[in-house]
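Remarks on the overall topology
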Amino acid sequence: EDQVTQSPEALRLQEGESSSLNCSYTVSGLRGLFWYRQDPGKGPEFLFTLYSAGEEKEKERLKATLTKKESFLHITAPKPEDSATYLCAVLMGGGGNKLTFGTGTQLKVEL
Amino acid sequence: DGGITQSPKYLFRKEGQNVTLSCEQNLNHDAMYWYRQDPGQGLRLIYYSQIVNDFQKGDIAEGYSVSREKKESFPLTVTSAQKNPTAFYLCASILSTGANTEAFFGQGTRLTVV
């Protein structure tokens, strides 16, 4: 069965304390892995798409990497405004276009 | 201004009533999706559609129905058969062009059963 698992469920950091969020997946025919940021009561905001093992993408303090089994979202020197829930999703191939999400990591960055 | 529009933002339903949530996109995307989000459970897939007049059940389709008569529109009906409909509903669409794939979301509809 195709699965997407995110860890940790919640993470509390001090401002400037770098860390990583994990997204592991067991799907066949991965077409893409997505990272989103979601603020309370809002729709998810697109961050990155990764397509193949070894790929990396960066945006401000965020860097996403991909291996054959997992993806990491590295947060460098976070600020309180980075506090949000970060969601990972995988798009499966085989013509199905099914987009499956993990349960998310709730990040809180404190001063 | 391009994007995905969900309406209404808040919706209240009496028990036993059907309600329809609207999702419209002007991005010319082929694939559209409906998700349900409950606290602590992430996003669960209800239905998705790759082309007009075709759609597939997701992981929690029972008690829901959809239609895809136009490329721009993918409405979701929450029927009286859905036992626990109170949730945050999100619509998404995908653009996939060669080496670039992006999936965008609307701002959601919060449905409450009263």
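Residues numbered from 1 in each chain as written. Chains lettered and ligands numbered in written order. Predicted model: local features only at pLDDT ≥ 70, side-chain atom pairs only at ≥ 80, totals over all residues. Heavy atoms only, no water.

1. A few points about the nonpolar core
What counts here: Within this scheme, the nonpolar core is defined by two criteria: the residues are buried Ala, Val, Leu, Ile, Met, Phe, Trp, Tyr or Cys, and they are joined through side-chain atoms within 4.5 Å. Accessible area is worked out with a 1.4 Å probe on protein chains only. A residue is then buried under 20% of its type maximum, exposed over 50%, and partly exposed in between. Helix and strand assignments come from DSSP, with helices taken as H or I runs of at least 4 residues and strands as E runs of at least 2, each series counted from the N terminus. Any pair of residues with heavy atoms lying within 4.5 Å of one another is described as a contacting pair.
Within the largest apolar cluster, 24 residues are counted, with the highest numbers of intra-cluster contacts made by A:L33, A:W35, A:L73 and A:Y86. Secondary structure elements with two or more residues in this core: β2 (10-14), β3 (19-26), β4 (30-38), β5 (45-50), β7 (62-66), β8 (70-75), β9 (84-92) and β11 (105-110) of chain A. Ranked by residue count, the leading element in this core is β9(A), at 5 residues. Setting aside chain neighbours within four positions, we find A:L73 in contact with A:S19, A:S20, A:L21, A:W35, A:F48, A:L62, A:K63, A:A64 and A:Y86. Judged by nonpolar contacts, the second largest core, of 20 residues, contains A:F34, A:A89, B:F88 and B:L90.

2. With respect to the interface of chain B and chain A
As a reminder, the rule being used: Summed over both partners, the accessible surface that disappears when two parts come together, traced with a 1.4 Å probe, is what is meant by buried area. Put simply, a salt bridge is a Lys or Arg side-chain nitrogen that is within 4 Å of an Asp or Glu carboxyl oxygen. For this analysis, a polar contact is any N or O atom pair within 3.5 Å, provided that within protein one partner can donate a hydrogen and the other can accept it, and provided that sequence-adjacent residues contribute only side-chain to side-chain pairs.
Between chain B and chain A, the contact holds 25 residues from the first and 21 residues from the second. Interface area, chain B with chain A, both sides summed: about 1,800 Å², of which 53% is carbon and sulfur. When the buried surface of chain B facing chain A is broken down by residue, B:L43, B:T101 and B:F105 rank first, second and third, together holding 24% of it. Our enumeration of links across chain B and chain A arrives at 1 salt bridge. Note that B:D59 and A:K98 form a salt bridge whose closest N and O atoms lie 2.9 Å from each other. Where chain B touches chain A, the interface holds 7 residue pairs in polar contact (both at pLDDT 80 or more). Mapped onto the side of chain B that touches chain A, the elements with two or more residues apiece are β4 (31-37), β5 (43-51), β9 (87-97) and β10 (100-105) of chain B.

3. A few points about a nonpolar patch on the surface
Definition in use: Nonpolar side chains (Val, Leu, Ile, Met, Phe, Trp, Tyr) within 5 Å and like charges within 9 Å form the patches, drawn only from residues with over 30% relative accessible area and no salt bridge. All accessibility values rest on the Shrake-Rupley procedure with a 1.4 Å probe; residue burial counts only the protein chains present in the view.
Together, B:Y10, B:F12 and B:V114 line one region of the surface with nonpolar side chains, adding up to about 370 Å² of accessible area. With respect to the helices, strands and loops of the structure, B:Y10 is situated in strand β2 (residues 10-13).

4. Things to note about the state of the cysteines
All names here are of chain B. Applicable threshold: Disulfide assignment relies on a single distance test, namely cysteine sulfur atoms paired within 2.5 Å.
Taken as a whole, this structure holds 2 disulfides over all chains when the rule is applied. Paired through a disulfide, C23 and C91 show a sulfur-sulfur distance of 1.9 Å. Torsion about the S-S bond of the C23 and C91 cystine: about -75 degrees, corresponding to left-handed handedness. With C23 in strand β3 (residues 19-25) and C91 in strand β9, this residue pair connects regions lying 68 residues apart in the sequence. The buried category is assigned to C23, whose relative accessible area is 0%. Note on C91: relative accessible area 0%, which makes it buried.

5. Observations regarding the side chain of B:Q37
You can see B:Q37 is positioned in strand β4. Polar contacts involving the side chain of B:Q37 include one to the side chain of A:Q38, which spans 2.9 Å. Residue contacts for B:Q37: discarding those within four places in its chain leaves A:Q38, B:G42, B:L43, B:A87, B:F88 and B:L90.

6. Digging into the packing of aromatic side chains
Here is the rule we go by: Stacked, edge-to-face and tilted labels apply to pairs of Phe, Tyr and Trp rings (six-membered ring for Trp) whose centres lie within 6.5 Å, assigned for plane angles under 30 degrees, over 60, and everything in between, in that order. A ring is scored as having a charge over it whenever the NZ atom of a lysine or the CZ atom of an arginine sits within 6 Å of its centre and within 35 degrees of its normal.
Under the definition given, this model contains 13 aromatic pairs over all chains. Relative to B:Y35, the ring of A:F101 has its centre 5.2 Å away and its plane inclined at 80 degrees; by these criteria the two rings are edge-to-face. In this pair, A:F101 is assigned in strand β10 (residues 99-101) and B:Y35 in strand β4, connecting two distinct chains. Neither residue differs from the other here; A:F101 and B:Y35 are each classed as buried. Cation over ring: B:R68 sits above B:F74, and NZ or CZ is 5.9 Å from the ring centre.

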